[in-house]
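Remarks on the overall topology
Letter by letter, the chains look like this.
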Amino acid sequence: MKLSLLWIALCMAAYAQTADQVWNAQLSSFENEFVPLVEAMPAAQFGFAPSSGEFKNARSFAEQARHVSTVMYEVSAAIMGVKCPVDLGKNENGADMPNKEAIVKYAKDAVAYAHKAMSSLTNASQMETVKSPFGDKPTTRMALASIILWHGFDHYGQMVIYARMKEVVPPASR
């Protein structure tokens, strides 16, 4: 009996994860879908946005990628309690960028910065309140970490539709 309990305790300890490990694993799941999709869209299609019906005034594919990346920077900075290192631009679309290569680099750099923020989280610190980048109400670092994921996947879903409309199969679906 004691040996069984010891075995169970050892197995549980082997699977125990810290907050930073959990958040970084989730961010890696997002990264492995988002970045390859940005890379897969042809440069000539980066300006594409559906324009009819409910798509009127929708962000282009490039603006979607820049928006996701900009919000990642903004929220990551808030998690770490530092000034956001990038220009938020209009509607949090970031600064204008000259081409696909610049946007791909921006996306990769944003994910790396978000990993830095996730790595700063501990089991205790994720529950601490910090200033929200979205108003005056304080929020927890955990709530901000979750924004990076749900917000990113929300726009990723829109970007998948844009890619499929241009006959690009998202890498995650291949």
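Quick note: structure is the one above.
In this text, all values refer to a predicted model and were calculated from it rather than measured experimentally.

**A closer look at the packing of helix 2 (residues 19–40) against helix 5 (residues 141–165)**
Two numbers describe how helix 2 lies on helix 5: the axes approach to 10 Å, and their chain directions differ by 25 degrees. Of the possible angle classes, the one that applies to helix 2 and helix 5 is roughly parallel. Taken as a pair, helix 2 and helix 5 cross one another with a handedness that is left-handed. Of the residues in helix 5, those touching helix 2 at W23, Q26, L27, S29, F30, E33, F34, L37 and V38 are M142, A145, S146, I148, L149, G152, F153, Y156, M159, V160 and A163. Grouping the constituent residues of the contact of helix 2 with helix 5 by class yields 15 nonpolar, four polar and one charged.

**What to know about the nonpolar core**
L27, F30, F34, V38, M72, I79 and I148 are the most contacted members of the largest nonpolar core, which totals 47 residues. Elements with a minimum of two residues in this core: helix 2, helix 3 (61–80), helix 4 (100–119) and helix 5. Broken down by element, the residue count for this core peaks at 11 residues, all from helix 3.

**Quick look at the packing of aromatic side chains**
Under the definition given, this model contains seven aromatic pairs. Seen from their ring centres, F46 and F61 are 5.2 Å apart, and the 65 degrees between their planes marks the pair as edge-to-face. In this pair, F46 is assigned in the loop between helix 2 and helix 3 and F61 in helix 3, connecting sequence segments 15 residues apart. With a relative accessible area of 5%, F46 lands in the buried category. Look at F61 and you get buried, because its relative accessible area is 0%. Ring centres 5.5 Å apart and planes at 35 degrees place the aromatic pair Y73 and Y106 in the tilted group. Within this pair, whereas Y73 is found in helix 3, its partner Y106 is found in helix 4, the two being separated by 33 residues in sequence.

**Observations regarding a nonpolar patch on the surface**
Nonpolar side chains collect at one region of the surface, where F55, I161 and M165 lie side by side and expose about 270 Å² of accessible area between them. Tracing the backbone through its elements, the reader meets F55 in the loop between helix 2 and helix 3.

**Quick notes on the pattern of salt bridges**
Applying the stated criterion to the full structure yields four salt bridges. One salt bridge connects R66 with D96, and the closest N-O pair in it is separated by 3.4 Å. Here the residue R66 occupies a position in helix 3, and D96 occupies one in the loop between helix 3 and helix 4, the gap between them amounting to 30 residues. As a salt-bridge pair, R141 and E128 come within 2.5 Å of each other at their nearest N and O atoms. One end of the pair, R141, is in helix 5; the other, E128, is in the loop between helix 4 and strand 1 (129–131), with 13 residues separating them in the sequence. By relative accessible area, which is 40% here, E128 ends up partly exposed.

**A closer look at the side chain of H115**
Relative to the assigned elements, H115 resides in helix 4. The exposure class of H115 is buried, given its relative accessible area of 17%. Residue contacts for H115: discarding those within four places in its chain leaves N24, L27, S28 and E31.

**Some details on the environment of H67**
Positionally, H67 belongs in helix 3. In the structure, H67 is positioned 26 residues away from N93 in sequence and 4.1 Å away in space, judged by C-alpha atoms. Dropping the residues within four chain positions of it, H67 is found in contact with R59, N91, E92, N93, H151 and H155.

**Quick notes on the environment of P85**
With respect to the helices and strands, P85 occurs in the loop between helix 3 and helix 4. P85 sits 20 residues away from K105 along the chain, and the two C-alpha atoms are 15 Å apart. Beyond its immediate stretch of four places on either side in the chain, P85 contacts Y73, A77 and Y113.

Here is what the cut-offs are and how they apply
Residues numbered from 1 in each chain as written. Predicted model: local features only at pLDDT ≥ 70, side-chain atom pairs only at ≥ 80, totals over all residues. Heavy atoms only, no water. Axes fitted to C-alpha atoms, helices over the stretch in contact; angles between N-to-C directions. Helix = DSSP H or I, 4+ residues; strand = E, 2+ residues; numbered from the N terminus. Parallel < 35°, antiparallel > 145°, perpendicular 65-115°, else oblique. Left-handed = near helix turned anticlockwise from the far one by under 90°. Contact = heavy atoms within 4.5 Å. Nonpolar A, V, L, I, M, F, W, Y, C, P; charged D, E, K, R; others polar. Core = buried A, V, L, I, M, F, W, Y, C linked by side-chain atoms within 4.5 Å. Buried < 20%, exposed > 50% of the residue type's maximum accessible area, 1.4 Å probe, protein only. Phe/Tyr/Trp six-rings, centres within 6.5 Å; stacked < 30°, edge-to-face > 60°. Patch = residues over 30% accessible without salt bridge, like charges linked within 9 Å, V, L, I, M, F, W, Y side chains within 5 Å. Areas by Shrake-Rupley, 256 points an atom, 1.4 Å probe, with all protein chains shown as cover. Salt bridge = Lys/Arg side-chain N within 4 Å of Asp/Glu carboxyl O.

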